[in-house]
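Commentary on secondary and tertiary structure
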Amino acid sequence: MATRPASPASSRPAGSAPAAARPRRPFRDSPLQVLLGIFALVLALAGMMLLLNRSSQLAPDFLSEFVLYALSVVDLMMLVGLVFVLARSVIKMLVERKRGLPFARFRAKLVLVLLAMTLIPAVLVLLVGSQLIFNSVDRWFNAPMDEMLDSAQRIASDYYHDRQRQVSDETARLARILGTADLGTSDLRVLRDAVAGSVTDQRLTLVEVYRLVPGADGLPEPVPVVDVASAAAGPVTSRDTSERLAARAASGQPDAWMREPLASGGELIRAAAVVRRADGFATGVVVGSVQLTGEMAARARGMTRAFESYTQLRVFKPALTGVYLSFFLMVTLLILVSATWMGLYLAKRITRPVQMLAAAAREIGAGHFEHRLERETVDEFGSLVDAFNTMADELAASRRALEQSSVDLQRKHAEVEDRRLFTEAVLDRVATGVITIDAAGRIGILNPAASTLLGLDAGAAGRPAEEVFGSGELKPLADLATAPYVAGKEWPAQEIVLNRNGREVQLALAATPLHGDGRQLEGRVLVVDDITPLIRAQKVAAWREVARRLAHEIKNPLTPIQLCAQRLQRQFSSASAPVRELVDECTGTIVGEVEALKTLVDEFSQFARMPSPKRVPTDVHQLLAGTLGLYEGLFAHVRIATLFAVSLPPVRLDPDQIRRVVINLVDNAIEALNQQGLIVVETQHDAAAGAVRIIVADDGPGIAPEERDKLFMPYYSTKKRGSGLGLAIVRRIVAEHGGSVEVGANDPRGTRFTIELPCGGEAPAGTETT
Amino acid sequence: MPGRLIAIVLCAFLAEAGGDGGVEVGAVARDGQVYVSATAPDGLMSDLEEAISSGLATTITYEADLREEVGIWFDRTLASATVSASVQYDTLTRRYQLSRSVDGRLADSRVCEDKADVKRFALGFDRLPLFSTGRLEPNAEYYVRVRVRTRPRVTFFLWPWGRDAANGVARFTFIP
């Protein structure tokens, strides 16, 4: 079983592969290899049995010089192999345990148990068998056997010695007899008679007489003279043997006897004696032989061979013991090697599929759903692998579907998030206040405009609407938030007036229900609009209409009135002085008031028919300087100071209308100062907002906050004189320029009017004061 | 513990390789030949006595090397010769068949009945011209190393690899 990717296209994503994911060699059952291994094992055992069976027939020398070596070499090799296999397995198991591989402990235990189950009996059998071999070998060399074989060998040897001594003695006796004879005589009968007695008496079987003659090398050389053999003696097999013995005796070697095996199965024991004359001169050699029967010789040889075999066996006892021990050790090692291999094989076969399954499960758990196992066996583990791969396939398919769903969900979430951000941005930017209230009556969304309009902080979100709006002037919102909902009917819009820092703010309230999928009420949305500017514009428009009608209706009769008055004045110019004075006074009053009314009507007309500004790029500082220059020397106790920005961009404006605005504000300031005080005209450039500000501030008594908004309403004036249209015209001119005018308190005292006009250019920041 | 085990094994190995020592070696350079004499210790004979008595053909081999010392490297072997003394005891006739060969050539052969003769014959040789002095440098130091091996060998029953039964060295200065 081995790991493999499900398909080439479904390889693991980069970076997600395990660092040590080295592909493992597939582990497969190989029946042929197993059979070959078993066959080799059986063959080795059969060979050993055969060798062991024939070991008794092999020479001890061969056993000790060859077999023992071969067995020892094989034993050593098997021992080294076993140690190597065990050491490798132990090291592998230690490494696996150190690396924390799954089933390492189980595998180690399994291998140890299998090894112990084999090793312990094998070692026990080896110990017992070794002792058995030692005992058996010792039994071969027991004392009775020693004595018996030694005695037999001594009997045979003593017999040979006796016979050899007899032959030697008899041969020496014959040599002495022949010392008086002439070995060179032609009458051989004399010589034959001299030695025949020994043969006749069976003291010797064969007597050979040699005459010594000088040889080529100066040494005496034996020449056969006569030989006498008994009738029982067979044919002399080889005269060479007796001649060599004779030559050896003639040369003076002391040990002149020998044995000669016969073809008939017997043996000849031969001895040689030098024939010497009385003066000691060697004239010849007598070789006497006695024949041992084949049966006798064979028995003696047999006893000797048995003795020699036994004693040689004793000599080779350690080597033979070693041979049998080596046999036994070899069988033990063979069993151990086989058992070790089998144990490791079984452990691997059992644990490896489980390990692979565990590793694959971890891979799947780590998200590598394309990880697969390769089926290596056709047994239950193979079926398990198939089931695992099927499960992995299904998991991978589920994972892919899940990932697709996740992608879709993320995309939808992103869309929703974009929409939410867009909505939030809109709600943040929109001037309309928006408040959402859930079904439980808690505030959900409270956009900045709503916070500003209602004077609430962001902490109001999440609190019950009734609690937040329950106080005073916000009570209508609480009513809207808690008003019961009737299906198909919407709540009526409301208007409320709030006081914000002394200013009256008019708000329009509207509520819209939020429906869920089942059309049930899930909450409501409150919309708050600041309609103060709208109301104000409506008022201005109304006043302008009033002014236009007033101007039209009033101005028409003024001229006839003025003309009538002037006619009366001319008619009564010739009247008496008292009458003329009275008429002059009355007509003068009429004309004066008519003039005043005309002025008032002209102002009304101007307010009603304000022309559109003719905007041209204008240097504001130059415009202000020229305008303020009109006041130089007019008011001794009023100082007009300027605080201009270092530079201002040119502003597109109608210079005449803006000049009128500035004059109006400065006039109001001088009047507020009661012609004594300081007026500061300041300019600012707000590059970020793209605006230029003109500020007119005085240190007069100031204006009450509640009156500030009313200042710009037509016909509202804090002065005892005037039409009350000045600031209304100011606001209209500034509004026509796309700007705004605000009034506030000056620091530390007085009033501060701020005109903000849009500009397109930029200028460096800074101020210059005059 | 492992260090101690290794030390024991090492000592045993060195003892095995070193042999018993004790061969008396004599070397004389004369007449163009290096005459070598060697006498093995008596103990060797007692080790072989049982094998000889059993009738086994027993051989004592003397491997003689003419060597020259080399400073910090292995000594150089200039020539080698092998002298073998074989003893075969006939348990029936109680006689010993002795033979000696030099480099495989039979040099001596005899029969005797006396153990003392066997001992003298087997346990050494006297003034055998084993090497020629042709390759020797005048006034140089040489030595003859003689290692003795026996067959059958005296072996441990589970470790058949034998060792030199004995060895010895004789130094001489070659003066032409």
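A short tour of the structure in this document, coming up. This is a predicted model, so every value here is computed, not measured.

Rules of the game
- Residues numbered from 1 in each chain as written.
- Chains lettered and ligands numbered in written order.
- Predicted model: local features only at pLDDT ≥ 70, side-chain atom pairs only at ≥ 80, totals over all residues.
- Helix = DSSP H or I, 4+ residues; strand = E, 2+ residues; numbered from the N terminus.
- Buried ≥ 20, exposed ≤ 12 C-beta atoms within 10 Å, placed from the backbone.
- Contact = placed C-beta atoms within 7 Å.
- Axes fitted to C-alpha atoms, helices over the stretch in contact; angles between N-to-C directions.
- Parallel < 35°, antiparallel > 145°, perpendicular 65-115°, else oblique.
- Left-handed = near helix turned anticlockwise from the far one by under 90°.
- Nonpolar A, V, L, I, M, F, W, Y, C, P; charged D, E, K, R; others polar.
- Expected span 1.5 Å × (residues − 1).
- Pairing = 2+ DSSP bridges.
- Core = buried A, V, L, I, M, F, W, Y, C linked by C-beta atoms within 7 Å.

1. Brief notes about the overall build of chain A
- Helix and strand content of chain A: 18 helices and 20 strands.
- Classification of the 770 residues of chain A by burial places 27% in the buried group.
- Long-range pairs, those at least 24 residues apart, make up 65% of the contacts in chain A with a sequence separation of at least 6.

2. A closer look at the overall build of chain B
- Within chain B, the secondary structure is distributed over three helices and nine strands.
- Written out in order from the N terminus, the α and β elements of chain B read α-β-β-α-β-β-β-β-α-β-β-β.
- For chain B, the residues scored as buried account for 30% of the 176 residues in total.
- Here the analysis covers contacts within chain B between residues at least 6 apart in sequence; of these, 62% occur between residues at least 24 apart.

3. Digging into the packing of helix α4 (residues 143-178) of chain A against helix α7 (residues 294-315) of chain A
Residues and elements named next belong to chain A.
- In the contact formed by α4 and α7, the axes pass within 9 Å of each other and the chain directions differ by 135°. Here α4 lies oblique to α7, going by the angle between them. Crossing angle aside, the handedness with which α4 passes α7 is left-handed. Across from Leu149, Asp150, Ala152, Gln153, Ile155, Ala156, Tyr159 and Tyr160 in α4, the residues of α7 making contact are Ala300, Met303, Thr304, Ala306, Phe307 and Tyr310.
- For the contact of α4 with α7, a count of residues per class yields eleven nonpolar, two polar and one charged.

4. Points about helix α16 (residues 655-672) of chain A
All names here are of chain A.
- Look at α16: 25 Å from first C-alpha to last across 18 residues, which is about the 26 Å you get at 1.5 Å a residue.
- Here α16 has its buried residues at Gln657, Ile658, Val661, Val662, Leu665, Val666, Asn668, Ala669, Ile670 and Ala672.
- Positive phi shows up at asparagine 674, right after α16, with a value of about 55°.

5. Some remarks on the sheet that holds strand β2 (residues 206-214) of chain A
Residue and element names in this part refer to chain A.
- Taken in spatial order, the five strands line up as β3-β2-β6-β5-β4 in an open sheet, and their pairing is antiparallel. The strands lining the two open edges of the sheet, one partner per strand, are β3 (220-229) and β4 (257-261). For this sheet the average axis-to-axis angle between neighbouring strands, irrespective of direction, equals 25°.
- Sheet topology note: the β2/strand β6 (residues 282-292) ladder contains six bridges and is antiparallel. If you follow glutamate 208 over to β6, its bridge partner there is valine 287.

6. Let's talk about the nonpolar core
- Counting 54 residues, the largest nonpolar core has A:Val323 and B:Val144 as its most contacted members.
- The greatest single-element share of this core, amounting to eleven residues, is contributed by helix α8 (residues 317-365) of chain A.
- Contacts of B:Val144, omitting those with residues within four sequence positions, involve B:Val25, B:Ala27, B:Val34, B:Val36, B:Ala64, B:Leu66, B:Val169 and B:Ala170.
- Among the nonpolar cores identified, the runner-up in size contains 44 residues, and A:Val195, A:Val207, A:Ala246 and A:Phe307 belong to it.

7. Here's the deal with α4(A)
- With 36 residues, α4(A) should cover 52 Å at 1.5 Å per step; its first-to-last C-alpha distance of 51 Å lies within 8% of that length.
- Buried residues belonging to α4(A) abut α5 (188-200), β2, β4, β5 (267-276), β6 and α7 of chain A.

8. A look at the interface of chain B and chain A
- Every contact between the two is made by 18 residues of chain B and, on the other side, 25 residues of chain A.
- If one sorts the elements of the side of chain B that touches chain A by residue count, helix α2 (residues 42-53) of chain B sits on top with three residues.

9. Structural notes on the environment of A:Ile535
- One can find A:Ile535 in helix α13 (residues 532-571).
- Through-space distance from the C-alpha of A:Ile535 to that of A:Gln506 is 8.1 Å; in sequence the pair is 29 residues apart.

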